Each structure stands twice: as structure tokens, then as C-alpha cells.
Amino acid sequence: MLKHLRTFDIKLGLGTHYPEIVELSEKENWDIDFYMACMYNLRRGREGEQSGFITGKNKSLIRQIIPADRGVMLNTLKKVEKPIIAFKIFAGGQMLVEREEADRRERIKDAYNTIFTALKPDDFAVAGVFQKYHDQIRENVEVLNEWYEEANRA
């Protein structure tokens, strides 16, 4: 399939929730240009199951996240020379659900610090937002600006 896609003269990326897939791709030298890497494996235990978001079957706001997932993925990505797009840096919002503002802001800042210091200069991260309960865009930008100022003072 990759060989066929190369005929279109486009950049090819591989998106995954699993560090093992990145490792396999690197080991087997798959013909891709970049990785899209999820910082948390929100599919753990649900492999092969269609997304509840798509089916509408799972209305729960809270999913189990494993905090160590982020470190495992980032350690895997340190071995990769290809560009990285890190996504679900807030575990799809799961690390922020039902948290007070001060706790949310600290968790957001910790995610920025951990991820931005681990990625290479040409990599980047994607932060999704869900505006239903509060202004996440404003909050994320404010915390990013705080983090940036603190990081540049150090």
C-alpha cells in the first residue's frame, strides 16, 4: 500500500496509539515520512472495537488512562529521526475531567513541559479542545504562555 501511495507524490505518515508499532516500523524500515504518535493508549483493552465516539454507544466522559503511557511513547520517539506529531497530549481531555481550575492548569503545564522538552526541534504537538464545560482554548493558551515564559527564564 505504501508503494502505491508513493505514486501520488505525497508525504506519508503513520498514526498510532502503540509505541510497539513505531518500533516495528523503524525496525522494518517502512517507507513513511513522519509519525503521528498518541501520548496515551486510550484504546487499551478495546483493540478491534469500533470507537464509542463513532457509534454513540459510550456516553461516559471518563476513560481509564495510564499515566506511564506518555513516558513510554516519548522514550520510543527519542530513538526516531523522522518528524513527530504528538497528539492527545492531554489524554483526550481525560487527565483534566472533573478537575478544579488550579489542578487543570498544573496538569496542562506539566504536559507541555514533559512533551515539549522531549520532542525534537522540528516536531510538534496537537492539543484538542472541548469547549462545552469551560473555555479550554483560552485556558490552554494562557498556560502555554506561562509555561513558555517560565521555560525561557530558566
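Heads up: the structure comes first, above all this text.
The following paragraphs examine the structure supplied in this document. (Residues numbered from 1 in each chain as written. Predicted model: local features only at pLDDT ≥ 70, side-chain atom pairs only at ≥ 80, totals over all residues. Heavy atoms only, no water.)

## What to know about the pairing of strand E1 (residues 13–16)
Of the two faces of E1, only the one carrying Leu 14 and Thr 16 is buried; Gly 13 and Gly 15 on the other face are not. Across 4 bridges, the pairing between E1 and strand E2 (residues 34–38) is parallel. In the sheet register, Thr 16 faces E2, and the bridge partner there is Ala 37. Traced from E1 through helix H2 (residues 19–28) to E2, the parallel crossover comes out right-handed. (Buried < 20%, exposed > 50% of the residue type's maximum accessible area, 1.4 Å probe, protein only. Helix = DSSP H or I, 4+ residues; strand = E, 2+ residues; numbered from the N terminus. Pairing = 2+ DSSP bridges. Right-handed = clockwise from strand over helix to strand, strands pointing away.)

## Details of the packing of aromatic side chains
The description of an aromatic ring pair uses the distance of the two centres, along with the angle that the planes make with each other. Inspection of the entire model under this criterion finds 4 aromatic pairs. With centroids separated by 5.4 Å and ring planes inclined at 5°, the aromatic side chains of Tyr 112 and Phe 116 adopt a geometry described as stacked. Taken together, the positions of Tyr 112 and Phe 116, both in helix H5 (residues 101–118) and 4 residues apart, correspond to about one turn of that helix. Among the residues examined, Tyr 112 registers a relative accessible area of 4% and is labelled buried. The structure contains a cluster of three or more aromatic residues connected by ring pairs, namely Phe 90, Tyr 112, Phe 116 and Trp 147. (Phe/Tyr/Trp six-rings, centres within 6.5 Å; stacked < 30°, edge-to-face > 60°.)

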